[in-house]
Amino acid sequence: MNILFYTPGTNSASWIDALMQALPEARIDRWPASSASDTDYAVVWKPPPELVAMLKRVKAIFNLGAGVDSMSDLSTLPRSVPLVRLDDAGMAEQMVEYVGHVVLRRYREFDAYADQQGEARWQQRPRPSKSSFTVGILGAGVLGTAVAGALVQLGFPVRAWSRARKAIPHVTSFAGVEELDDFLAVTRVLVCLLPLTRDTGKLLDAARLSRLPQGAYLVNVARGALLVDADLLTLIDGGHLAGATLDVFRDEPLPAEHPFWHHPRIVLTPHVSAVTLVEESVAQIAGKIRRLEASLPITGIVDRERGY
Ligand code: NDP
Ligand code: OXD
C-alpha cells in the first residue's frame, strides 16, 4: 500500500515516523519528492492545486484537520474520491479547555478584576446570575457538541445552532437561518464552531452580531473568514459588544498592522485552540485506512455539496 504525505509545515518527520509505525506494511512517500502516480491514500494539509489535481485515482484523501476549507479547489477531484476530515482526534478536549476558560473568565469577570487591579481598587463585584448567562454555540458538530456538554456540566444555560435540529441533553437546539435571530437574542457568550463554507463565510457581520444582547462577547475558534473584522470592531467600540477572544483570522499569521493586535477588548491567540495531534490523528487515519481496505464504512467523509 502506498501513502503520499504532504504538509507545508516543517514537522513532516514526526508525521512520517508515526505513519510508518501505525502502518508498517505501507510505503510512505513525501510529495513533491515523490510523484503521486501509484498512490493508494493521500494524507495532506493545505495541498497546493497541482497536488490535488494528481489525486484523481486515490482510494481516499485524509485531511490533517477538522476543517477542509483549506483544500484548494476540489472541483478537479472526482466525487468517487472520498475526502476524509479528522473527527475529534484529541481536538474536542482542547476546544473544551479553551472555550471553558473564556466562558468562565467572562462569567467570573476576571477582565474586570484585572482592570480593578490596575487601579489598585479593592471592590467585590455582584456575581451575575448564572441562569441568565446563556452560552450560544454556532455549530453542533463534533467539537460544538463536546463544548456544549462541558458547559452544561458547569451549569450554564446552553443553546446550539446547526443546520439540522439536534437532541443534545440539556442543550436547546436551533436549526437553520430562520432560527438564527432567536438563537442570538439572549446569547451572552457566542462561540463560533462552524466550518467555513460558501454558506457561512462572513456570517458574523454587523447585522447578525447586533442581534446579540448589549454586552455580549464573541469567541471565534472556527475560521477567521466567518467574521467581518471591521463590523466586530465597530460593535465593540460602539459599546454593543463587550469584547472578543479570537483564535482564528482571515489572514494567518495576523498581519502586524491589524487593529485586533492592540485592541484593549480583544484577546487573541495564534490558532492554537485545538491543534492537530500527531499520535491521535495518525491512529485515527490508520484505523480508517484499515477499515477501507476491509471494505467497511468510515466516519468523517466530507459532504462535497455542503462543504464540510
Ligand atoms: P463538524 O462538521 O462536526 O460540525 C459542523 C457543525 O456546523 C454541524 O453541527 C453543522 O450542522 C453546522 N453547520 C455547518 N454549516 C451550517 C450552516 N450553514 N448553518 C447552520 N449550521 C451549520 O465540524 P467540527 O465540529 O469537527 O469542526 C468545526 C470547525 O472548527 C472546523 O470546520 C474548523 O473550521 C474549526 N476548527 C478550528 C480549530 C482551531 O484550532 N481553531 C481546530 C479544529 C477545528 P449539522 O450538524 O446540522 O450538519
Ligand atoms: C482544523 C484546524 O481544522 O486545525 O483542524 O484548524
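For the structure, see preceding data.
Within each chain, residues carry numbers counting from 1 in the order of the written sequence. All chains are assigned letters beginning with A, and all ligands numbers beginning with 1, in the order in which they are written. Residue-level local features of this predicted model are given only where pLDDT is at least 70; pairs of side-chain atoms are given and counted only at 80 or more, and the full residue set underlies all totals for whole chains, interfaces and linings. Excluding hydrogens and water, the side-chain figures rest on all heavy atoms present in the structure.

Secondary structure elements follow DSSP: runs of H or I of four or more residues count as helices, runs of E of two or more count as strands, with numbering from the N terminus. Looking only at helices and strands, the chain has nine helices and twelve strands in total. We take the radius of gyration over the C-alpha atoms and set the globule estimate at 2.2 Å times the residue count to the 0.38 power. Over its C-alpha trace the chain gives a radius of gyration of 21 Å, about what one expects of a compact globule, namely 19 Å for 308 residues. Its C-alpha atoms give the chain principal-axis dimensions of about 65 × 40 × 30 Å. Exposure categories follow from relative accessible area, calculated using a 1.4 Å probe and restricted to protein chains: below 20% of the type maximum is buried, above 50% is exposed, and the middle band is partly exposed. Here the chain holds 308 residues, and 49% of them are scored as buried. Note on contacts: a residue pair is in contact if any heavy atoms of the two residues lie within 4.5 Å. Long-range contacts, defined here as pairs at least 24 residues apart, represent 62% of the contacts in the chain between residues at least 6 apart. The centroid of the 32 positive side-chain charges in the chain is displaced by 4 Å from the centroid of its 34 negative side-chain charges. In this tally, Asp and Glu contribute negative charge and Lys and Arg positive charge; neither His nor the terminal groups of the chain are included. A charge is said to be at NZ when it belongs to Lys, at CZ for Arg, at CG for Asp and at CD for Glu.

At least two bridges found by DSSP between two strands are what make those strands a pair. Read across the open sheet, the seven strands follow the order β8-β7-β6-β9-β10-β11-β12; overall the sheet is parallel. Each edge of the sheet is formed by a strand with only one pairing partner; in this case those strands are β8 (171-175) and β12 (266-268). Within the sheet, the average angular offset between the axes of one strand and its neighbour, ignoring direction, is 15°. The strands touched by helix α8 (residues 229-237) within the sheet are β10 (216-220), β11 (241-246) and β12, with β11 carrying the most contacts at an inclination of about 140°. Helix axes use the C-alpha atoms of the stretch in contact, all axes being lines fitted to C-alpha atoms, and the angles between their N-to-C directions lie in the range 0 to 180 degrees.

On to the side chain of His240. Secondary-structure assignment places His240 in the loop between α8 and β11. Exposure remark for His240: the relative accessible area of 17% places this residue in the buried category. Polar side-chain contacts of His240 include one of 2.6 Å to the backbone oxygen of Leu212. We define a polar contact as two N or O atoms separated by no more than 3.5 Å, with the added condition that, inside protein, one atom must be a possible hydrogen donor and the other a possible acceptor, whereas residues neighbouring each other in sequence contribute only through side-chain atom pairs.

Bringing the environment of Phe110 into the picture now. Tracing the backbone shows Phe110 in helix α4 (residues 110-118). Measuring from C-alpha to C-alpha, the distance between Phe110 and Glu280 comes to 34 Å, with 170 residues separating the pair along the chain. Not counting the four nearest positions on each side in its chain, Phe110 is found in contact with Leu104 and Arg105.

We now examine the site of ligand 1. Nearness here has a simple test: a residue counts as near a molecule or strand if at least one of its heavy atoms is within 4 Å of that partner. With respect to spatial proximity, 30 residues lie near ligand 1, and among them Arg85, Leu143, Ala164, Lys166 and Tyr308 are the closest. Arg85 is positioned such that a nitrogen or oxygen atom in its side chain is 2.7 Å from an oxygen atom of ligand 1. Note that an oxygen atom of ligand 1 is positioned 2.9 Å from one of the backbone N or O atoms of Leu143. To measure how exposed things are, a 1.4 Å probe is used in the Shrake-Rupley method; for residues, cover is taken only from the protein chains shown. Summarising the interface, the protein chains cover 93% of the accessible area of ligand 1, which totals 940 Å² for the free molecule.

So, on to helix α3 (residues 91-107). Compared with the 24 Å implied by 1.5 Å per residue over 17 residues, the 24 Å span of α3 between its first and last C-alpha is a close match. Listed in full, the buried residues belonging to α3 are Met91, Ala92, Gln94, Met95, Tyr98, Val99, Gly100, Val102, Val103, Arg105 and Tyr107. Positive phi shows up at Glu109, right after α3, with a value of about 60°. What a helix should span is 1.5 Å times the count of its residues minus one.

The next subject is the site of ligand 2. Contacts to ligand 2 come from Gly65, Ala66, Gly67, Met91, Arg223, His271 and Thr276. Contacts to ligand 2 include Ala66, whose backbone N or O atom sits 2.6 Å from an oxygen atom. Arg223 places a side-chain nitrogen or oxygen 2.7 Å from an oxygen atom of ligand 2. About the coverage of ligand 2: the protein hides 89% of its 210 Å² of free accessible area.

The subject of this paragraph is the pattern of salt bridges. Any carboxyl oxygen of Asp or Glu that lies within 4 Å of a side-chain nitrogen of Lys or Arg is treated as forming a salt bridge with it. A complete count under the given rule lists 18 salt bridges for this structure. Between Glu305 and Arg79 there is a salt bridge, with the nearest N and O atoms lying 3.4 Å from each other. With a gap of 226 residues between them, Glu305 in the segment after α9 (278-293) and Arg79 in the loop between β4 (60-63) and β5 (83-84) connect regions that are remote in the sequence. Two residues, Asp181 and Arg211, come together in a salt bridge whose shortest N-O distance is 3.5 Å.

Residue placement: Val135 occurs in strand β6 (residues 135-138). Residues Val135 and Leu184 lie 49 residues apart in sequence; the distance between their C-alpha atoms is 9.6 Å. Excluding residues that lie within four positions of it along the chain, Val135 makes contacts with Val103, Leu151, Phe156, Pro157, Val158, Arg159, Thr187, Val189 and Val191.

Now for the sheet that holds strand β3 (residues 41-44). If you trace the five strands from one edge of the open sheet to the other, you get β2-β1-β3-β4-β5, paired in parallel fashion. Strand pairing shows two members of the sheet lacking a second neighbour, β2 (27-30) and β5, which therefore form its edges. Examined bridge by bridge, β3 and β4 share four bridges and lie parallel to one another. Directly across from Val43, in β4, lies its bridge partner Phe62. Packing of helix α1 (residues 12-22) onto the sheet brings it into contact with β1 (2-6) and β2, and relative to β2 it is tilted by some 165°. The sheet contacts of α9 involve β1, β3, β4 and β5, and relative to β4 the element is tilted by about 165°.

Attention now moves to the packing of aromatic side chains. Whether two aromatic rings pair depends on their centres lying within 6.5 Å, for rings of Phe, Tyr and Trp, where Trp uses its six-membered ring; planes under 30 degrees apart make the pair stacked, over 60 edge-to-face, and the rest tilted. By the definition in use, this model includes eight aromatic pairs. Centroid distance Tyr41 to Phe62: 6.3 Å. Interplanar angle 50°. Geometry classified as tilted. With a gap of 21 residues between them, Tyr41 in strand β3 and Phe62 in strand β4 connect regions that are remote in the sequence. As far as burial versus exposure is concerned, Tyr41 and Phe62 are alike and both buried. An angle of 55° between the planes, with centres 6.3 Å apart, marks the rings of Phe249 and Phe260 as tilted. With a gap of eleven residues between them, Phe249 in the loop between β11 and β12 and Phe260 in the loop between β11 and β12 connect regions that are remote in the sequence. Taking the relative accessible area as the measure of exposure, Phe260 reaches 1% and is therefore buried. Joined through ring pairs, the aromatic side chains of Tyr107, Phe133 and Phe156 make up one cluster. The criterion for a charge sitting over a ring is simple: Lys NZ or Arg CZ within 6 Å of the ring centre, and within 35 degrees of the ring normal. Here the basic side chain of Lys130 rests over the ring of Phe156, its NZ or CZ set 4.9 Å away from the ring centre.

Geometry only, nothing functional implied.
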